[in-house]
Amino acid sequence: FWLKFLFSSLLPHDMPPNSLLYPVSPDQCTFEAVLRHRGLLPAEGSELLPDAAFYQSVCDSDAGAVIRKMCPGLRRKGVHAIRTLRTLFHNMDSDCDGLNPITAFCGALNALGVWVNDEDIELLRGSIGVESPGQPESFADYILFLQVLVGDRNALLNEQRLLILREAYAKLRETHPDLSVPELIQKFSPTALKPEYCPDIDIHERVEQFLMQWVLPNADGSVQWLDFLDYYVDVSMAMPSDALFEEFVRAAWSMTVDEQQAAAAFLHHDSDNSAELDEQEFHLCLREMDQSLTPRECHAMFACVDFDGSGSVSLKEFLESRVMQFKKLFDEADEDGSHSLEEEEFLTVLRNLVPTMAEQEIRCLYSAVDADGGGSVSFVEFVESNLLRVLTMFEKHDTNNTWTLNESQSKAFFKDLMCTLNDELVAVIRGKLDIQSAGQLTIVDIVNSNILVSLSMYHKHDKFKRGQLSPGQFHALLEEYDPTLTEKHRQLCFDYCHTHPRCGFISLLQFLQSNILSILKHFNQASSQKSPSRAREKVLDMQELHMMLQRIDPKVNQSHVQIVQGIFDRDHSGQVEFAEFIQYYVDFERQFLKVMAATKIQAILRGKWDRRRTSLVKEELASALTIQRLYRGHRSRKEVTKPKRNSFGWETSGSALELLSPAQTSARGGARPTVVAADILGDSGIRLASGLSPRKSAALQHYLNHRGPSFDRSR
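Residues numbered from 1 in each chain as written. Predicted model: local features only at pLDDT ≥ 70, side-chain atom pairs only at ≥ 80, totals over all residues. Heavy atoms only, no water.

Undergrad: Before we go on, may I ask you to explain the overall build of the protein in this structure?
TA: Counting its regular elements, the protein contains 39 helices and 13 strands. The contacts in the protein between residues at least 6 apart in sequence include a share of 62% that link residues at least 24 apart. When the accessible surface of the protein is split by element, carbon and sulfur atoms take 52% of a total near 35000 Å². (Helix = DSSP H or I, 4+ residues; strand = E, 2+ residues; numbered from the N terminus. Contact = heavy atoms within 4.5 Å. Areas by Shrake-Rupley, 256 points an atom, 1.4 Å probe, with all protein chains shown as cover.)

Undergrad: Got a minute to help me understand the state of the cysteines in this structure?
TA: By definition, a disulfide is the covalent link that joins the sulfur atoms of two cysteine residues. Per the counting criterion, the structure on display carries zero disulfides. Just so you know, C285 is unpaired, no disulfide at all, and the nearest cysteine sulfur is the one on C298, 9.7 Å from it. (Disulfide = S-S within 2.5 Å.)

Undergrad: Can you help me understand helix 4 (residues 62-76) in this one?
TA: Turn by turn, an α-helix covers 3.6 residues, leaving residues three or four places apart pointing in a common direction. By the burial criterion, the buried members of helix 4 are A63, G64, V66, I67, M70, C71 and L74. In an axial view of helix 4, the angular spread of the buried residues amounts to 160 degrees, which keeps them on one side of the axis. Across from the buried face of helix 4, at angles greater than 90 degrees, the exposed residues are D62, K69 and R76. At the C-terminal side of helix 4, G78 shows a positive phi close to 115 degrees. (Buried < 20%, exposed > 50% of the residue type's maximum accessible area, 1.4 Å probe, protein only. Arc of directions from axis to C-beta.)

Undergrad: What exactly am I supposed to notice about the packing of helix 4 against helix 7 (residues 118-127) here?
TA: The relative placement of two packed helices is expressed as an angle between their axes plus a distance between the axes. Remark: helix 4 packs on helix 7, axes separated minimally by 8 Å, with the N-to-C direction vectors making an angle of 115 degrees. Relative to helix 7, the crossing made by helix 4 is left-handed. In this structure, helix 4 contributes D62, A63, V66, I67 and M70 to the contact, and helix 7 contributes D120, L123, L124 and S127. Grouping the amino acids of the contact of helix 4 with helix 7 by side-chain chemistry returns six nonpolar, one polar and two charged. (Axes fitted to C-alpha atoms, helices over the stretch in contact; angles between N-to-C directions. Left-handed = near helix turned anticlockwise from the far one by under 90°. Nonpolar A, V, L, I, M, F, W, Y, C, P; charged D, E, K, R; others polar.)

Undergrad: So what exactly am I meant to see when it comes to the nonpolar core here?
TA: Note that soluble globular proteins tend to have their nonpolar side chains buried in a common cluster. If you look at the biggest cluster of nonpolar residues, it comprises 113 residues, and the most contacted ones within it are L545, L549, F568, F581 and F588. Aside from chain neighbours lying at most four places away, what touches L545 is L540, V564, F568, V576 and F581. With 72 residues, the next largest nonpolar core counts F145, V150, M239 and W253 among its residues. (Core = buried A, V, L, I, M, F, W, Y, C linked by side-chain atoms within 4.5 Å.)

Undergrad: Explain the pattern of salt bridges here, please?
TA: Opposite charge on two side chains permits them to pair, given that their charged atoms come into close proximity. In total, this model carries 22 salt bridges according to the counting rule given. One salt bridge in this structure joins K194 and E247, with 2.6 Å as the shortest N-O distance. Taken together, the positions of K194 in the loop between helix 10 (181-187) and helix 11 (203-212) and E247 in helix 13 (residues 242-252) put the pair 53 residues apart, joining distant regions of the chain. Residue classification places K194 among the partly exposed positions, given a relative accessible area of 27%. E247 gets classed as partly exposed once you look at its relative accessible area, which sits at 31%. Between D482 and K538 there is a salt bridge, and its shortest N-O distance comes to 2.8 Å. Note that D482 is positioned in the loop between helix 27 (471-481) and helix 28 (487-497) and K538 in the loop between helix 31 (534-537) and strand 12 (539-541), a separation of 56 residues in sequence. By relative accessible area, K538 is classed as buried at 0%. (Salt bridge = Lys/Arg side-chain N within 4 Å of Asp/Glu carboxyl O.)

Undergrad: Help me out: how do you make sense of the packing of aromatic side chains in this one?
TA: The relative placement of two aromatic rings is captured by the distance of their centres and the angle of their planes. Evaluation of the coordinates by the stated rule reveals 39 aromatic pairs. Measuring from centroid to centroid gives 6.3 Å for F210 and W214, while their planes differ by 55 degrees, and the two rings are tilted. Pair check on accessibility: F210 and W214 agree, each one buried. With a centroid separation of 5.1 Å and an interplanar angle of 75 degrees, the aromatic rings of F523 and F578 are classed as edge-to-face. With a gap of 55 residues between them, F523 in helix 30 (residues 516-527) and F578 in helix 34 (residues 578-605) connect regions that are remote in the sequence. An identical accessibility class is assigned to F523 and F578; each is buried. Here the aromatic cluster, defined as three or more aromatic residues joined through ring pairs, consists of Y169, F188, F210, W214, W225, F228, Y231, Y232, F245 and W253. (Phe/Tyr/Trp six-rings, centres within 6.5 Å; stacked < 30°, edge-to-face > 60°.)

Undergrad: Honestly, the environment of A476 in this entry has me stumped. Any pointers?
TA: Position of A476 among the secondary structure elements: in helix 27. Judged by relative accessible area, which is 32%, A476 ranks as partly exposed. Each C-alpha atom of the pair A476 and H461 lies 7.8 Å from the other, and the pair is 15 residues apart in sequence.

Undergrad: So what exactly am I meant to see when it comes to the environment of Q550 here?
TA: Along the polypeptide, Q550 turns up in helix 32 (residues 542-552). Q550 sits 28 residues away from H522 along the chain, and the two C-alpha atoms are 9.9 Å apart. If we skip the residues at most four places from it in the chain, Q550 touches V556 and N557.

Undergrad: Where do I start with the side chain of S454 in this structure?
TA: Relative to the elements of secondary structure, S454 occurs in helix 26 (residues 451-461). With near-sequence residues (within four places) excluded, S454 lies in contact with F511, L512 and L517.

Undergrad: Help me understand the sheet that holds strand 1 (residues 99-101), please; the structure alone is not making it clear to me.
TA: Two modes of strand pairing occur in sheets, parallel and antiparallel, and in both the strands are linked by backbone hydrogen bonds. Within the open sheet, the three strands sit side by side as 1-3-2. Their pairing is antiparallel. Sheet topology places strand 1 and strand 2 (129-130) at the edges, where each strand pairs with a single neighbour. Sheet topology note: the strand 2/strand 3 (residues 139-141) ladder contains two bridges and is antiparallel. Among the inter-strand pairings, V130 is bridged to a residue of strand 3, identified as F139. Strands strand 1 and strand 3 of the sheet are contacted by helix 8 (residues 142-149), whose axis makes an angle of about 45 degrees with strand 3. (Pairing = 2+ DSSP bridges.)

Undergrad: Even after reading the chapter, I still don't get the confidence of the model for the protein, so can you show me in this structure?
TA: Segments scoring low in pLDDT should not have their predicted coordinates read at a detailed level. Looking at the protein as a whole, its pLDDT mean stands at 74, while 74% of the residues score no less than 70. Low pLDDT (under 50) marks residues 1-27, which in the prediction has 39 contacts with non-local residues, meaning those over four places away or in another chain. Confidence drops under a pLDDT of 50 for residues 608-613, and excluding neighbours within four residues, the segment shows ten contacts in the predicted structure. (pLDDT = per-residue confidence, 0-100.)

Written out as structure tokens, the structure is:
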């Protein structure tokens, strides 16, 4: 309480409370706040810092010249030499009033290799000496000594140096809100300690010397702003130029020049110290860094950084988005200032942005951005595609630099990409992307899908962040995504996504499962392939429809032509309109999944049964049963009936194995196919395949586990 009271007394009364964390004034208030933070209190009837007139008189005296001669020698001993000297002074200051006995003061200088003769001592006693009543020896004002030492006390932490420190501390606090000493040491880059900063010692001693400066500044191990400032006040004295100081700070905390400029502009426009900018403040921040930005480009950049739609952006979001880095690369390639790039120019920008990506993947990125096939890509077009954020997050989780994510990495990727996603939604997204069930996702899988656009647009129109869209909000979303849709089309899309009649809203889960935006995208691309004017008509012939379905699901092949024609071409016209397509698409999904499940199970039962293939058969059968479970989930509520069971507990309708023909069952000696599935899959497979209760499935599993060596599989 008293410490906060002392700090608040140093600042103007109209300054906001949070400004105590980031003092913006480069004057003596900052230095005095640090001194008080060190526990120094002025002696009775005096001040910690002398007035400007007395300070100037000392600087102009012979003693001032003697003091300034000591500075180059101390600086040659490294960035921590002056801090070490100040620590010695502070440890000898038993009264914490900024005064040391003159003999102890000279002894500390001698310990640092600065020799003071008798003549110099008399000069120091006459300028910075303080006589204390009742004391036989005079004292030296070491605070005044340190200010005179650097030549200009206002340069201890000028405005430029203070700004770079605020940016560095803000960056550390973004990743570690409760910054502690171990976290600070972990973020420190030892390469910043160049030989010229710490001469005559190797890198290990330099790092150890740095670690010694951070021995628990607080009892709880935290590093507050004034602790951070305390260290750099001393380091600043050892660095004569602002450029050298900035280079040291940037290297220490891995800050690029672009990040420094972005952080400086961000903090400058954070007027309320909330560590966030709304859209208007963010536009001003962007215009400060690049005056050529148009309002539309600023709006697109804000939407890219504010991916979760919260209405504000933090410094961490701004720096991680890399929008300014991409803008810089884009401007370098945009020689004519048209704010758009041709294909080869844009490919060059992507190669510089992601140098580790293969050429095929880079061209895939370009194809995803240039969706209309115009041959050029504007800055707004790329930013609005959200690919920049995807690339940044993908690189973060792709630890092997292969541009491929395994299951755990992809889960972390999607949750980091959008923090509102739960495990169920992530599983749905992965299922939509991992069509081949390979267990891995590539950057091409994610880019080619429309899942990111779906997430972004859903959260944009979910005004109240309730995770559901009303019919009006859903229609507005479709109208923004595809203005050519009629009211009838939008209503049919709503009915397609709306799988729960009792609820008048569409949840995010339903929206993602329907994949409606991806269907619209592929339908428009297929209809405009021959002529751009056909995109507005929204009509496909059977060949275009079949190719479109293959893009949606690669498992659709030429063997399914009859299914496609039988479902969509009911009037034998050879064409299908979008309204008809949406109406019949549910029937196609149901029939296609049924055929896929039957084909998979038939292939498994015709396969080999030796134990060397047990694991492979287990995976294949599990995949087939998963397909059938998806098929059962696509049926509407009206078609779902209560399962019927016989006296043995076998489900007699809706089972995946019901698709087997009677001839196949009799070929197995009349065996129930579910027993075969249970033999392969175990207890969980029994329940999935046959619908047995847990008690009955456990009994059957017990029987299978304790069968004899002569167990007949046909039983």
